[in-house]
Amino acid sequence: MKEKIEALVEEAIACGFTAAGELNVSALEFMPEVREMCSADRCHQYGKNWRCPPGCGSIEEASLRAKEYSFGILVQTVGKMEDDFDYEAIQETSRRHDENFAALVRKVKSRHPDMLPMGAGTCTLCEVCTYPDEPCRFPDEAISSMEAYGLWVSKVCELSGMPYNYGRQTVAFTSCYLLK
Ligand code: SF4
C-alpha cells in the first residue's frame, strides 16, 4: 500500500501539482454542516449542476459510496498573489489545478477504473450543465467536489498531515482521489 501511495504522489507531482500526500481515509467525516454551507450558494452552483447538491444525492449516499474506498491521496496546486485582491492569480491557479486534476485522472483511471476523484469545484465538463431538465451527459466522468461529499477540506488536510493554507498572499486548491 505504501508503495502504491508513493507512486501516486510521484505521478501527481509529475502532473504539475505543487504538493501531494497520503489521504487519511479513516478520518473522513461526511458532514451535513458542509452541505448546509453549499445551500448558502456562495459559489452560485447550488441547484445548478448534477454533481452539486441537491442533484448529487444525499449525504448518506455520498458517505456510503466513499466508504467503499480504502486509500487515497490529497493533491494541491498553490499560486502566489501580488496582493489580497489578485483575482487573476486565483483564476490562473484554479485553471492550473483543473488541468493537473484532469491529467492525473487520465493517468490513473487506466489502472484503477473504479477510482473516485473529488475535485475543487463544480463539474465543468459541459459548457452548460443539463441539470435539472435532462440526465447528465457523462455520468461516468462527471466529478463532484470534496465539499459536495460533505468533507471539510481544511480538516481533511489537517488530519492527513498536509497544510491547507500556504501563508499570506498565496492561494491553494485541494482535491483528492480515493482508490480501492
Ligand atoms: S458532465 Fe455535464 S451534464 Fe454531467 S454534471 Fe458535468 S456539466 Fe453537468
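Remember, predicted model here, so these are calculated numbers, not experimental data.

Student: Before we move on, can you summarise the sheet that holds strand S2 (residues 71-80) with the specific residues and values?
Tutor: On the basis of which strands lie adjacent, the open sheet formed by four strands has the order S1-S2-S4-S3 and antiparallel pairing. Each edge of the open sheet is held by one strand with a lone partner, namely strand S1 (19-22) and strand S3 (116-118). Strand-to-strand twist of the sheet, defined as the mean angle between neighbouring strand axes without regard to direction, takes the value 20°. Inspection of the sheet shows S3 paired to strand S4 (residues 170-179) by three bridges, in the antiparallel sense. The residue bridging Pro 117 from the neighbouring strand is Tyr 177, located in S4.

Student: Lay out helix H2 (residues 32-39) with the relevant residues and their values.
Tutor: Within the span of H2, buried status applies to Val 34, Arg 35 and Cys 38. Along the long axis of H2, the arc covered by the buried residues comes to 100°, so they all point the same way. Looking at the buried side of H2, the elements it contacts are helix H3 (59-66). One or two residues past the end of H2 sits Asp 41, with phi positive at roughly 60°.

Student: Got a sec to walk through helix H1 (residues 2-14)? Specific residues and values, please.
Tutor: Spanning 13 residues, H1 covers 18 Å between terminal C-alpha atoms, matching the ideal 18 Å at 1.5 Å per step. By the burial criterion, the buried members of H1 are Ile 5, Leu 8, Val 9, Glu 11 and Ala 12. Angular distribution of buried residues about the axis of H1 spans 160°; they occupy a single face of the element. Among the exposed residues of H1, those oriented more than 90 degrees off its buried face are Lys 2, Glu 3, Glu 10 and Ala 14. Packing partners of the buried residues in H1 comprise S1, S2, helix H4 (87-109) and S4. Directly after H1, the chain includes Gly 16, whose backbone phi takes a positive value near 115°.

Reading guide: rules and limits
- Residues numbered from 1 in each chain as written.
- Predicted model: local features only at pLDDT ≥ 70, side-chain atom pairs only at ≥ 80, totals over all residues.
- Heavy atoms only, no water.
- Pairing = 2+ DSSP bridges.
- Helix = DSSP H or I, 4+ residues; strand = E, 2+ residues; numbered from the N terminus.
- Axes fitted to C-alpha atoms, helices over the stretch in contact; angles between N-to-C directions.
- Buried < 20%, exposed > 50% of the residue type's maximum accessible area, 1.4 Å probe, protein only.
- Arc of directions from axis to C-beta.
- Contact = heavy atoms within 4.5 Å.
- Expected span 1.5 Å × (residues − 1).

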